[in-house]
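Summary of the model geometry
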Amino acid sequence: MRLFLLLSVLAAAPPHLAEKQAAAATIDAHATQLTALSDEVWRYAETALQETKSSKALADYAEKQGFKVTRGVAGMPTAFVAEFGSGKPVIGIMGEYDALPGLSQKAEPARAVIDAGAPGHGCGHNLFGVGSLAAAMAVKELIASGKLHGTVKFFGTPAEEAVGGKIYMMREGVMNGVDAMLAWHPDDETRADTKSTQAIVDVTVEFFGRAAHAAYDPWNGRSAVDGLELFTHAVNMMREHIHTSSRMHYAIVKGGDVPNVVPEYGKVWIWMRDEKRELVDEMLVRLRKMAAGSAMSADVESKVTVNGGDWNMLVNMTGERLAQANMEWLGPLSFTAEEQEFAKAIQRANKIEEKGLNTKVKEFDAHPGPADGGSTDVADISWNIPTIHVSVVTAAAGAPWHGWSVVACGGMSIGHKGMIFAAKALAATMVDLFADPANVKAMRDEFAKTSAGVTYKAYVPEGPPRLPTASN
Ligand SMILES: [Zn+2]
């Protein structure tokens, strides 16, 4: 009986257990430093391409740990690479650290602003960056001690929220030679992400008219805002004739100044999304026609500018299965009664069901439905390098994402626990890739099949992204 029990325990143990346990022990040994680093980035709360202090904190930490660090890659001062080891395989892992504007919030379970109007980590990227770097560090220790062989590369990827920093890094060749890539994201669930994400295109449409007095000589004027209004009307009529999976949302950025001047300029900013890049491309063709037609009707000029966008995620089931097994080995997550109460207070404040925190690792979903709303620049990487993506709970179940609740949990023990769990899960999955070349080959074989016949082209414009200035 005892022997039987022992055997069944052994059967449940993951492959390369000693290496995975060593990686987890390294992360535990550094947990205090890692959570301090995460809190430091949480406090800086810097937005896209302005993550100067955040990226420096992460890069400095990596350097201190013995990584070779290259800063300011791909024309972005806040992008960096930290690498260790030599030869094959080359396994990459990505970390983000940009915050969102206007979400300043204390680590408290009710809306409590630190600095009105200031940014906050409403997507948990402080945890994302440090968690991924921690996983890379644990693997580095195994390479240093000769237990694993190859190269680990951590990519510090800025500006996920606004620019898509990863896409520029990849296009500049910074990720060349990587055999497999990993990433995670803070969430209110813990799961291997077998479901794709939506493709998105980010477009501005400008209209140029002729100013005149709106009452004295309106016949001399041509209103740019007439063109703009016709355009948004056309967009809203198009909603009737698109796939149910399509999404579009716009903001009128410039719509005239005062009633007695015929506006000579109008600008609308629109995002369009769907399950697949081809469907987004089709809508983009229609958008160009609508812009031209609206301008013609109002006797003004129009200009369409594609600012960027992301592809839909190419899921790698082979990689996701490896990650799932490791999360099941590590899970479930354990939260204290105080942490559950913290989450419930957040849920009460948001008037949603008081479910607390999800502790379970979700069952593997081999047949996921279509992508939910939401996009990421990780998806662009997935069409070029086989990519594993997981989500780990760092926030109260059902609480609004990109909101204060996520900021609050990301700056205290709930977020820290999710981050440490993610670091261990990703490190263990990297152990699978380093220790067994068959896993990398299986991932690459699947990738070759699923990406066959697709020519990748980024939506983002040529050259490095425009750096933010004080005025924008
Ligand atoms: Zn995010």
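In this report, the structure presented in the accompanying data block is examined. Quantities reported herein were computed from a predicted structural model and do not represent experimental measurements. (Residues numbered from 1 in each chain as written. Predicted model: local features only at pLDDT ≥ 70, side-chain atom pairs only at ≥ 80, totals over all residues. Heavy atoms only, no water.)

So, on to the coordination of the zinc ion. For a metal with four tetrahedral donors the ideal donor-metal-donor angle is 109.5 degrees, whereas six octahedral donors ideally subtend 90 or 180 degrees. At 2.0 to 2.2 Å from the zinc ion lie its protein donor atoms, namely C123 (SG), H125 (NE2) and H185 (NE2). Counting along the primary sequence, the residues that act as donors to the zinc ion give the motif C-x1-H-x59-H. H125 shares its class with C123; the two are buried. (Donors = N, O, S within 2.8 Å, 3.2 Å for Na, K, Ca; no water. Buried < 20%, exposed > 50% of the residue type's maximum accessible area, 1.4 Å probe, protein only.)

If you walk through the whole model with that rule in mind, you get 23 salt bridges. A salt bridge links E189 to R191, with the shortest nitrogen-to-oxygen separation between them at 2.8 Å. One salt bridge in this structure joins K254 and D257, with 2.7 Å as the shortest N-O distance. On the basis of relative accessibility, which here comes to 30%, the residue K254 falls in the partly exposed class. (Salt bridge = Lys/Arg side-chain N within 4 Å of Asp/Glu carboxyl O.)

Glancing now at unusual backbone geometry. Cis rather than trans, the peptide bond between K88 and P89 has omega equal to -5 degrees. Structurally, P89 is set in the loop between β2 (80-85) and β3 (90-95). Omega for the peptide link from G331 to P332 comes to -5 degrees, which places this bond in the cis form. Assignment of secondary structure puts P332 in the loop between α9 (317-330) and α10 (337-349). Of note, A45 is a non-glycine position whose phi angle comes to about 40 degrees, a positive value. If you trace the backbone, A45 turns up in the loop between α3 (31-44) and α4 (52-64). (Helix = DSSP H or I, 4+ residues; strand = E, 2+ residues; numbered from the N terminus.)

Bringing the sheet that holds strand β4 (residues 151-156) into the picture now. As summarised here, the arrangement of the 7 strands in space is β1-β2-β4-β3-β5-β11-β6, forming an open sheet in which the pairing is mixed. Single-partner strands in this sheet number two, and they are β1 (68-71) and β6 (191-192). With 7 bridges joining them, strand β5 (residues 180-187) and strand β11 (residues 387-393) adopt parallel strand pairing. Looking across to β11, one finds that P186 is bridged to V392. Helix α5 (residues 125-144) contacts β2, β3, β4 and β5 of the sheet and is inclined by roughly 140 degrees relative to β5. Taken strand by strand, helix α13 (residues 413-435) contacts β3, β4, β5 and β11, and its axis lies near 165 degrees from that of β5. (Pairing = 2+ DSSP bridges. Contact = heavy atoms within 4.5 Å. Axes fitted to C-alpha atoms, helices over the stretch in contact; angles between N-to-C directions.)

What follows concerns the pairing of β5. Most of β5 sits out of view: 8 of its 8 residues are buried. Relative to β5, β3 runs parallel, the two sharing 3 bridges. When the bridges of β5 are listed, I91 appears paired with A180.

On to α10, then. With 13 residues, α10 extends 18 Å from end C-alpha to end C-alpha; this agrees with the ideal 18 Å at 1.5 Å per step. Buried within α10 we find E339, Q340, F342, A343, A345, I346 and Q347. Where α10 terminates, the next one or two residues include K351, which has phi positive at roughly 55 degrees. (Expected span 1.5 Å × (residues − 1).)

A separate point is the sheet that holds strand β8 (residues 247-255). In space, the 4 strands of this open sheet follow the order β8-β9-β7-β10, with antiparallel pairing throughout. Taken across any chain shown, the strands that pair with only one partner, and hence form the sheet edges, are β8 and β10 (301-310). Taking the axes of each pair of neighbouring strands and ignoring which way they run, one obtains an average angle of 15 degrees across the sheet. Pairing of β8 with strand β9 (residues 265-274), which is carried by 8 bridges, proceeds in the antiparallel orientation. Bridged to K254 within β9 is K267. Sheet contacts for helix α7 (residues 224-238): β7 (199-208), β8 and β9; angle to β9, the most-contacted strand, approximately 15 degrees.

In the structure shown here, the tally under the stated rule is 9 aromatic pairs. Between F80 and Y97, the aromatic rings sit 6.3 Å apart at their centres with planes inclined by 20 degrees, giving stacked as the arrangement. With a gap of 17 residues between them, F80 in strand β2 and Y97 in the loop between β3 and α5 connect regions that are remote in the sequence. On the accessibility criterion, Y97 (1% relative accessible area) is buried. Judged by centre distance (5.8 Å) and plane angle (85 degrees), the rings of W269 and W271 are edge-to-face. Its relative accessible area of 25% is what places W271 among the partly exposed residues. By the ring-pair criterion, three or more aromatic residues cluster together here, those being F80, Y97 and F154. Taking NZ or CZ as reference, K140 lies 5.6 Å from the ring centre of F84, over its face. Directly above the ring of Y459 sits R277, whose terminal nitrogen or CZ lies 3.7 Å from the centroid. (Phe/Tyr/Trp six-rings, centres within 6.5 Å; stacked < 30°, edge-to-face > 60°. Lys NZ or Arg CZ within 6 Å of the ring centre and 35° of its normal.)

With that settled, the discussion passes to the side chain of D179. Within the secondary structure layout, D179 lies in the loop between α6 (165-171) and β5. Among the polar contacts listed, one links the side chain of D179 to the side chain of K88, at a separation of 2.9 Å. Apart from residues no more than four positions distant in its own chain, D179 is found in contact with K88, P89, V90, I385, P386, V440 and R444. (Polar contact = N/O pair within 3.5 Å; in protein donor to acceptor, adjacent residues only side chain to side chain.)

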